[in-house]
Amino acid sequence: MLKKYVRIIVLIVVVLCLIIAVSFVWQKFWMHPKTVKNVSDNPVGLDEAEGVTMMVPGSTQNTYWELHIHKIETTSGDVDHLNQIEGVYFMNKAPFYHLTGNQGAVSLKTRKIEVSGNVILKATDGSKELTASQLVWETEANKVTAQKNVILKTQQAIITTEEVVANLKLDHADFNGQTQVSYQRTNQ
């Protein structure tokens, strides 16, 4: 008689285990159908935002970029991809440069800003204006590199060249490629 009860108890335990297993399988496959995502449509770690203001530290303690970006794509890495950039570089809380461009990228680790497409970098006091197709602002290297269709305007001259490599204040510059200089009179 004891064997009969053991068989019934084992049978009940096996049936309960089967019911639990079937309920898990039912919930997993039939209650929550899987949706297939195309990996190329949304890469891993990619986020997008519109109307973002980004702060990028400068080369010294009281310097930084305040970039206003129409659209930003942030990856899981260190680089943010930017569209329609407009920014101001501040030195001791005073605006020093104004920057615009169509697209670019920012490396937050190296504080390197790359901008391309109708790039304009202007000193807010009107003393310098640099236009180019591409501009790279390297904070840690204390260097600005402008390439393709470069025009540097100062109060004394207009310089047209293929590439300019300068310090961050645009006080010292090297010109590479075919270069044309037009001097302007100053009224002093």
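Residues numbered from 1 in each chain as written. Predicted model: local features only at pLDDT ≥ 70, side-chain atom pairs only at ≥ 80, totals over all residues. Heavy atoms only, no water.

Undergrad: What is the right way to look at the nonpolar core in this model?
TA: For soluble globular proteins, nonpolar side chains are generally found buried alongside one another. Among the nonpolar cores identified, the biggest contains 31 residues, and Trp65, Leu67, Leu121, Leu130, Leu135 and Trp137 are the most heavily contacted of them. Top element by residues in this core is strand 5 (residues 112-123). It accounts for five residues. Beyond its immediate chain neighbours, meaning those up to four positions away, Trp137 contacts Trp65, Tyr89, Tyr97, Arg111, Lys112, Ile113, Leu121, Lys143, Val144 and Leu168. (Core = buried A, V, L, I, M, F, W, Y, C linked by side-chain atoms within 4.5 Å. Buried < 20%, exposed > 50% of the residue type's maximum accessible area, 1.4 Å probe, protein only. Helix = DSSP H or I, 4+ residues; strand = E, 2+ residues; numbered from the N terminus. Contact = heavy atoms within 4.5 Å.)

Undergrad: Before we go on, may I ask you to explain the packing of aromatic side chains in this structure?
TA: Two aromatic rings, taken as a pair, are described by how far apart their centres are and by the angle between their planes. This structure, assessed with the given rule, holds seven aromatic pairs. Ring centres 4.9 Å apart and planes at 90° place the aromatic pair Phe96 and Tyr97 in the edge-to-face group. Judged by its relative accessible area of 1%, Tyr97 falls in the buried class. Centroid distance Tyr97 to Trp137: 5.8 Å. Interplanar angle 80°. Geometry classified as edge-to-face. Pair noted here: Tyr97 is in strand 4 (residues 94-107) and Trp137 is in strand 6 (residues 128-138), with a separation of 40 residues, a long-range link. Trp137 shares its class with Tyr97; the two are buried. The rings of Trp65, Tyr89, Phe96, Tyr97 and Trp137 are connected pair by pair, giving a single aromatic cluster. (Phe/Tyr/Trp six-rings, centres within 6.5 Å; stacked < 30°, edge-to-face > 60°.)

Undergrad: Teacher, can you tell me more about the pattern of salt bridges here?
TA: Taken as a whole and assessed by the stated rule, the structure comprises four salt bridges. Residues Arg111 and Glu140 are paired through a salt bridge, measuring 3.7 Å at the closest nitrogen-oxygen approach. On the criterion of sequence distance, the pair formed by Arg111 in the loop between strand 4 and strand 5 and Glu140 in the loop between strand 6 and strand 7 (143-154) is long-range, its members being 29 residues apart. Among the salt bridges present, the one from Lys143 reaches Glu138, with a minimum N-O distance of 3.7 Å. (Salt bridge = Lys/Arg side-chain N within 4 Å of Asp/Glu carboxyl O.)

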